[in-house]
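Structural characterization, general
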Amino acid sequence: MLTFEIAKEETLSPKDIKELQEEIRSLAKQKNAVILAHYYQRPEVQDIADFVGDSLELSRKASQTDADIILFCGVRFMCETAKILNPTKKVLHPNPESGCPMADMIRPEQVLKLKEQHPDGEVVAYVNTSADVKAVSDVCVTSANAIKVVQKLQSKKVIFIPDQALGNWVKKHVPDKEFVIWQGFCPPHFEFTAKELERLKQQFPDAKVAVHPECHPKVIEMADFVGSTSQIINYATTCDSDRVIVITEVGLKHTLIKKNPNKEYIFPQSMNYCGTVYCCTMKAITLPLVYKTLKEELNEVVLDEEIIAKARRPLERMLELS
């Protein structure tokens, strides 16, 4: 038998992968654990999950189960959100080094300074933020509900953190409010270029284009559809085109093919950093790490009770407004 604890992903044969997946599912059953995987995870990791989805959606699903353990295959802020919404459950992270560059682009003290500078504004925090940042924010949003939530705010000034692309997308749809937008960004999404998209459109002139709002404004302008990961799935699998160019993290292709294999989903293939939307930190979670983490119950997410209470409020307010 392969020593799963020390195996590297590239050493796994299809037989090894299947065996390891069976071991993980068996462990999950023994330990009463629920396994969550974000759409951007490796296909073989998605396939062992109880639920695959967006980060907030997954955390809410976990709270509806009787599981004692939540093993979250995603980046750090996602695991923290799961703990905030499920404070009595043990939350495990297969790779604590898997952070989100965008989430790391703003700190709590910077949010507090923005609030001092703009006392008449409300801090709208994208869920792609740390627990500490959520704790000093007024309301959270997802890429799916950001426009709706901001429209319902009574304040005429919005301090939007940390994603400039999503902030500008919301601003475009809520012109009656004043925006202060933090200049954070998601490197894989934001650094994909309009030139590269134009090349794809010329190569596949009959294809529709679906784009995530974390992308650069010039890329968004070229899209037939702009939406969250879940919204892109719905659009790409049901639109009237047999081909869809999808500008978001390439891990989504696995779900799209499962949902509707009769369409062609075109993702940028170049491994040049600006020629593909590929999240290295998402892909840093591997089956061997999932196995070892669950077997030994490693890397538990621990948050201060006060932070949990404070960070929960903007999440609950978002749910009320959306």
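Please refer to the structure placed before this passage.
Here we summarise the structure given alongside this text. Predicted, not measured: the structure shown is a model, and the values here were computed from it.

Before going further, it helps to examine the sheet that holds strand S1 (residues 33–38). The strand order S2-S1-S3-S4 describes an open sheet built from four strands, whose pairing is parallel. With one partner strand each, in any of the chains shown, strand S2 (51–53) and strand S4 (90–92) form the two edges of the open sheet. If you compare each strand with its neighbour and ignore which way they point, the axes differ by 20 degrees on average. In this sheet, S2 lies alongside S1 in parallel orientation, the contact comprising three bridges. Bridged to leucine 36 within S2 is phenylalanine 51. Docked against the sheet, helix H14 (residues 287–296) engages S1, strand S3 (69–73) and S4, running at close to 165 degrees with respect to S3.

Counted residue by residue, S3 has five buried out of five residues, so it is predominantly covered. Pairing of S1 with S3, which is carried by five bridges, proceeds in the parallel orientation. Considered in S3, the bridge of leucine 36 is made with phenylalanine 72. Direction of pairing for S3 relative to S4: parallel, over a ladder of three bridges. Of the residues in S4, the one forming a bridge with leucine 71 is leucine 92. Between the parallel elements S3 and S4, the chain passes through helix H4 (residues 76–85) in a crossover that is right-handed.

Bringing helix H8 (residues 164–173) into the picture now. Every buried residue belonging to H8 is among Gln164, Ala165, Leu166, Gly167, Trp169 and Val170, and all of these are buried. At the N-terminal boundary of H8, the capping side chain belongs to aspartate 163, with an oxygen 3.3 Å from the backbone nitrogen of alanine 165.

The contact between helix H1 (residues 14–31) and H14 brings their axes to 10 Å, and the two run at 25 degrees. Relative to H14, the element H1 is oriented roughly parallel. As for how H1 packs across H14, the hand of that crossing is left-handed. For the pair formed by H1 and H14, the contact residues are Ile17, Leu20, Gln21, Glu23, Ile24, Leu27, Ala28 and Lys31 on the first element and Leu287, Pro288, Val290, Tyr291, Leu294 and Lys295 on the second. Per-class residue counts for the contact of H1 with H14 are ten nonpolar, one polar and three charged.

Thresholds applied
- Counting starts from 1 at the beginning of each chain's written sequence and moves along it residue by residue.
- Residue-level local features of this predicted model are given only where pLDDT is at least 70; pairs of side-chain atoms are given and counted only at 80 or more, and the full residue set underlies all totals for whole chains, interfaces and linings.
- Remark: hydrogens and water are excluded; side-chain values derive from all non-hydrogen atoms of the structure.
- When DSSP finds two or more bridges between two strands, those strands count as paired.
- A run of H or I in DSSP becomes a helix once it reaches four residues, and a run of E becomes a strand once it reaches two; helices and strands are each numbered from the N terminus.
- As a rule, the C-alpha atoms of each element are fitted with a line to give its axis, helices using only the stretch in contact, and angles between N-to-C directions run from 0 to 180 degrees.
- We call two residues contacting when some pair of their heavy atoms lies within 4.5 Å.
- Burial classes follow relative accessibility: with a 1.4 Å probe on protein chains only, a residue under 20% of its type's maximum area counts as buried, one over 50% as exposed, and anything between as partly exposed.
- The handedness rule is simple: strands pointing away from the viewer, and a clockwise path from the first strand over the helix to the second, make the crossover right-handed.
- Think of a polar contact as two N or O atoms within 3.5 Å of one another; within protein, one of them needs to be a possible hydrogen donor and the other a possible acceptor, and neighboring residues in sequence only count if both atoms come from side chains.
- Orientation is classified from the angle alone, with under 35 degrees giving roughly parallel, over 145 giving roughly antiparallel, 65 to 115 giving roughly perpendicular, and any other angle giving oblique.
- Each crossing gets its hand from how the near helix is turned against the far one by less than a right angle, where anticlockwise is left-handed and clockwise is right-handed.
- Each residue gets one of three labels, nonpolar for Ala, Val, Leu, Ile, Met, Phe, Trp, Tyr, Cys and Pro, charged for Asp, Glu, Lys and Arg, and polar for the others, Gly among them.

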